[in-house]
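# Residue-level structure breakdown
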Amino acid sequence: MIIIETMLLINEERIGIVKDRVKIVSSVRESDKGKEEMNMGNWSITLTTAKKAKPAADQLGFGKYFTDHMLLMDYTADQGWHDPRIVPYGPISLDPSAMVFHYGQEVFEGMKAYRTPQGELVLFRPDMNLRRLNHSCERLGIPQVDPEEVLEGICRLLALEEEWMPEGEGNSLYIRPFIIATEAGLGVRAAEEYRLIVILSPVGAYYREGIHPVRIYVEDRYVRAVRGGTGEAKTSGNYAAGIKAQEDVKSLGFSQVLWLDGIEKKYIEEVGSMNVFFKIGGEVVTPELNGSILAGVTRDSVIHLLREWGVPVKERRISIEELFEAHKEGKLEEAFGTGTAAVISPIGSMTWEGHDMEIAGGQTGALSAKLYETLTGIQRGEREDSFGWRYSVR
């Protein structure tokens, strides 16, 4: 086995520490590595000898293809987070009694890497994603990670997989960090063993034929989350709880559901898996973070942009009755969802208790379009980043 030592100094100024040397090990099997290769916090990298064929840029879709390598890190009660490593992408082995299967201790994040016109590989506000990952960990009883170490690992993985960055307008490299409870046992308690995994997937543009509005059904039977539950955490159970409702409305011709609060079924919370905004009488309103709503990175970015533009924006409770009344009075000007995948998703119509409500003539509103163009322009390095949101991988 040939061991090549190299220095990877990735964003030293931003991360704030001088990085350790990385040992790149030419091998196929993770089990070939010795413990001496992973001490002192060094990152061990095992290169695949069987690279996969890359998909055509116009056939990507979302989450269908995965790169050649993945990042792993383990946690045990006696060692904490340890053994950070990058290995060939492949199946992982877990005991059937691994606690993630039985009690759902799992959290995840979603972010993207972009290539600027100058060829630079960049991330968009990764500090917020990692801060939210730790918030989710705290809510699920999972040990928190060192954000700087995880960001360092993500940057190293991206540098290794840079050739997987797809060409083409709107395409990007999706990053999915997640943590699962790996301890074997059926006792109902917090696990004492976990694994952090980061995988990458080349993805296509969300709107292949341009941004377009969607039809939304106001959900009146199921609820997504309640205050005091896990709604403000990014955990798989929240998404599983919404699948049934989503499938039901899709069969009726709707794209997604608008979620109401889980207690009174009156106040608006999210749309699908996105945060939601409404422009009413010249003012933009979005549901306040109340313990059951996820604090979206795109949501926060939209609020910052609106305030910079001088557009009035408020975070507050808004009822579905208030929204429909605003529509009747001709004050509801626009509605849109925000999230990592779509960035901005205009809402063209909503249906509640048999009543249809067309918004902005069923077209994309001017503010929605401006936000989309601005945010995607900042993300891809095509517009000035006055907030310092772009983060260089190198």
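On a predicted model such as this, the values are computed, not experimentally measured, just so you know. (Residues numbered from 1 in each chain as written. Predicted model: local features only at pLDDT ≥ 70, side-chain atom pairs only at ≥ 80, totals over all residues. Heavy atoms only, no water.)

Once that is clear, we can look at the overall build of the chain. Summing up its helical and strand segments, the chain has 8 helices and 20 strands in all. Counting only residues that meet the buried cut, the chain has 54% of its 394 residues in that class. Accessible surface for the chain amounts to roughly 17,600 Å². Of this, 49% is attributable to carbon and sulfur atoms. (Helix = DSSP H or I, 4+ residues; strand = E, 2+ residues; numbered from the N terminus. Buried < 20%, exposed > 50% of the residue type's maximum accessible area, 1.4 Å probe, protein only. Areas by Shrake-Rupley, 256 points an atom, 1.4 Å probe, with all protein chains shown as cover.)

Applying the stated rule across the entire model yields 10 aromatic pairs. In this structure, Arg 215 packs its charged tip against the face of Phe 254, placed 4.2 Å from the ring centre. Positioned above the aromatic ring of Tyr 267, the side-chain terminus of Arg 317 is 3.9 Å from the ring centre. (Phe/Tyr/Trp six-rings, centres within 6.5 Å; stacked < 30°, edge-to-face > 60°. Lys NZ or Arg CZ within 6 Å of the ring centre and 35° of its normal.)

Residues Leu 121 and Leu 123 of strand β8 (residues 121–124) are buried on one face, and the alternating residues Val 122 and Phe 124, pointing to the opposite face, are buried as well. As paired strands, strand β7 (residues 111–115) and β8 are joined by 3 bridges and run antiparallel to one another. Residue Arg 115 lies in a different strand from β8, and its bridge partner there is Leu 121. Following β7, the chain reverses through 5 residues before pairing antiparallel with β8; Gly 119 in that reversal takes a positive phi of roughly 90°. Note that β8 and strand β20 (residues 390–392) share 3 bridges and pair antiparallel. In the strand pairing of β20, Phe 124 is matched with Arg 390. (Pairing = 2+ DSSP bridges.)

This part covers helix α3 (residues 126–140). Compared with an ideal rise of 1.5 Å per residue, which puts 15 residues at 21 Å, α3 spans 21 Å between its outermost C-alpha atoms and is within 8% of the ideal. Among all positions in α3, only Pro 126, Met 128, Asn 129, Leu 130, Arg 132, Leu 133, Asn 134, Ser 136, Cys 137 and Leu 140 are buried. (Expected span 1.5 Å × (residues − 1).)

Below, the discussion takes up the confidence of the model for the chain. Close inspection of predicted coordinates is inappropriate in any region flagged by low pLDDT. A residue-level look at the chain finds 89% of positions with pLDDT of 70 or above and a mean pLDDT of 89. This stretch, residues 1–41, has a pLDDT under 50; its non-local contacts, to residues over four places away or in other chains, come to 95 contacts. (pLDDT = per-residue confidence, 0-100. Contact = heavy atoms within 4.5 Å.)

What follows concerns a nonpolar patch on the surface. Side chains of Tyr 103, Leu 186 and Val 188 sit close together on the surface and give an oily, nonpolar patch of about 330 Å² of accessible area. A relative accessible area of 70% places Val 188 in the exposed class. (Patch = residues over 30% accessible without salt bridge, like charges linked within 9 Å, V, L, I, M, F, W, Y side chains within 5 Å. Salt bridge = Lys/Arg side-chain N within 4 Å of Asp/Glu carboxyl O.)

The phi dihedral of Arg 125 falls on the positive side, at around 50°, and the residue is not glycine. You can see Arg 125 is positioned in the loop between β8 and α3.

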